[in-house]
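Coordinate inspection notes
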Amino acid sequence: MIGGLFCYNHKGEVLISRVFRDDIGRNAVDAFRVNIIHARQQVRSPVTNIARTSFFHIKRSNLWLAAVTKQNVNASMVFEFLLKVVEIFQNYFGKISEENVKNNFVLIYELLDEIVDFGYPQNTDSGILKTFITQQGVKSATKEEQAAITSQVTGQIGWRKEGIKYRRNELFLDVMEYVNLLMSPQGQVLSAHVAGKIQMKSYLSGMPECKFGINDKIVMDSKGKSTEDTKTKSAIAIDDCQFHQCVKLSKFETEHSISFIPPDGEHELMRYRTTKDISLPFRVIPLVREVGRSKLEVKVVVKSSFKPSLLAQKLEIRIPTPLNTSGVQLICMKGKAKYKASENAIVWKIKRMGGMKESQISAEIELLTTDTKKKWTRPPISMNFEVPFAPSGFKVRYLKVFEPKLNYSDHDVIKWVRYIGRSGLYETRC
């Protein structure tokens, strides 16, 4: 695993030096300074091999943080560890700077002793670390505090402490999806996928257990609802998903239910990706006609394909123009359009647009005559928007809360669910 961890300032002076294994010597410190910090050419790669030693480094403001190893380690895990170290330092003393590192010298070494053991990362949760390492040093903990520390370090629920109380028990759920699309000029979908995440805000007393149901095809089929109507209308096929550490994966694999004890406050519960049966909120129909070599006629129609009762917001369509554009005349039915010469694009903005509506823009582009015979490549038309539904068809079937100790039931909890669909890379070739 990691052989050592070093922190340098912009001059290459070592601020923090911690060696975890015997195979890393003092010469490793000098090797990084000479080959990376004082290198004549800029070193772009975050991973550097010098004399059979691998250096993984990140830079924050004017400080370099480097992990050193002679073993064949997982690079992504080392970078994840370095970022966690930075996050812990920030939680303890704010901004990462040379002055702050020098002022918190003893604390940093104390933290490193808790975080890493013989080169293996151990506990990187700042919430747990703060229960027994304070900014002034180690507190003489009472028996109750020691018991709480032991249960949090060795127990399963490190992300939530006991004794949380609220006057009103509330649970907010945001289903946020980003639609990515590439469409041909003829309206054929070349590639499309939805990247979604579930953001949760929990203000619940005690140690509640939440159960969460989604309309995934695997879940629906396991419940015995695999009818044709279910498959076509309500169930969606999730290609892959990733959960917060609070989710009990064993229950998800056996019972296909998402069961968890939520962290207090805001957190990301789940990420998922789907590629099938995506309800595309908008279709962009472009028509580009070249009139000789000095003029270009562009017409773009935007059609919404969701329910008429819904309303899309923050629409922005970017229509690219050739580099030799001298002037643009615009006519648009709705919203405001402007030619931005610095961006070589016509930017068309619409505040709101209802479902099953359409709007169009016409543009006459005057071109300067050039000597180059190279044809204009016609970059795709891109679009930004926000809609109040999940384009993948993702639905929250149920959300239940159980807290037996404090004697409040699921009916006493105020629950809110909101769906937001946004554009990712939403492009149409013209």
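You'll find the structure just up there.
Here we summarise the structure given alongside this text. Quick caveat, the model's predicted, so the values are computed rather than measured. (Residues numbered from 1 in each chain as written. Predicted model: local features only at pLDDT ≥ 70, side-chain atom pairs only at ≥ 80, totals over all residues. Heavy atoms only, no water.)

Each helix and strand in the chain was counted, giving 9 helices and 23 strands. A compact globule built from 430 residues should have a C-alpha radius of gyration of about 22 Å, whereas the chain, at 28 Å, is more than 25% larger. Dimensions along the principal axes, computed over C-alpha positions, put the chain at roughly 80 × 65 × 35 Å. For the chain, the proportion of its 430 residues judged to be buried stands at 45%. Considering only residue pairs separated by 6 or more positions, the chain has 70% of its internal contacts joining residues 24 or more positions apart. Distance between charge centroids for the chain: 7 Å, based on 64 positive and 45 negative side chains. (Helix = DSSP H or I, 4+ residues; strand = E, 2+ residues; numbered from the N terminus. Rg over C-alpha atoms; globule rule 2.2 N^0.38 Å. Buried < 20%, exposed > 50% of the residue type's maximum accessible area, 1.4 Å probe, protein only. Contact = heavy atoms within 4.5 Å. Lys, Arg positive; Asp, Glu negative; His and termini not counted. Charge placed at Lys NZ, Arg CZ, Asp CG, Glu CD.)

Looking at the element boundaries, Phe 20 is found in the loop between β2 (14–19) and α1 (27–37). Given the relative accessible area of 11%, Phe 20 is considered buried. Sequence separation between Phe 20 and Val 78 is 58 residues; the distance between their C-alpha atoms is 14 Å. Here Phe 20 is in contact with Ile 2, Gly 3, Gly 4, Leu 5, Val 116, Phe 118 and Gly 119, once residues within four sequence places are set aside.

In this section: the packing of helix α2 (residues 75–93) against helix α4 (residues 105–115). Viewed as axis vectors pointing N to C, α2 and α4 meet at an angle of 135 degrees, and their least axial separation amounts to 11 Å. Taken together, the axis directions place α2 and α4 in an arrangement best described as oblique. Here the hand of the crossing between α2 and α4 comes out right-handed. For the pair formed by α2 and α4, the contact residues are Phe 81, Ile 88, Phe 89, Tyr 92 and Phe 93 on the first element and Leu 107, Ile 108, Leu 111, Leu 112 and Ile 115 on the second. Class assignment of the residues belonging to the contact of α2 with α4 gives a composition of 10 nonpolar, no polar and no charged. (Axes fitted to C-alpha atoms, helices over the stretch in contact; angles between N-to-C directions. Parallel < 35°, antiparallel > 145°, perpendicular 65-115°, else oblique. Left-handed = near helix turned anticlockwise from the far one by under 90°. Nonpolar A, V, L, I, M, F, W, Y, C, P; charged D, E, K, R; others polar.)

Its 19 residues give α2 an end-to-end C-alpha distance of 27 Å, which sits within 8% of 27 Å, the value for a rise of 1.5 Å per residue. Residues Val 78, Phe 79, Phe 81, Leu 82, Val 85, Val 86, Ile 88, Phe 89, Tyr 92 and Phe 93 constitute the buried set of α2. Looking one or two places after α2, you find Gly 94, whose phi comes out positive at around 75 degrees. (Expected span 1.5 Å × (residues − 1).)

Looking now at the side chain of Ser 359. Position of Ser 359 among the secondary structure elements: in strand β20 (residues 358–367). Setting aside its immediate chain neighbours within four residues, Ser 359 contacts Val 300, Val 301, Val 302, Met 333, Lys 334, Trp 348 and Met 353.

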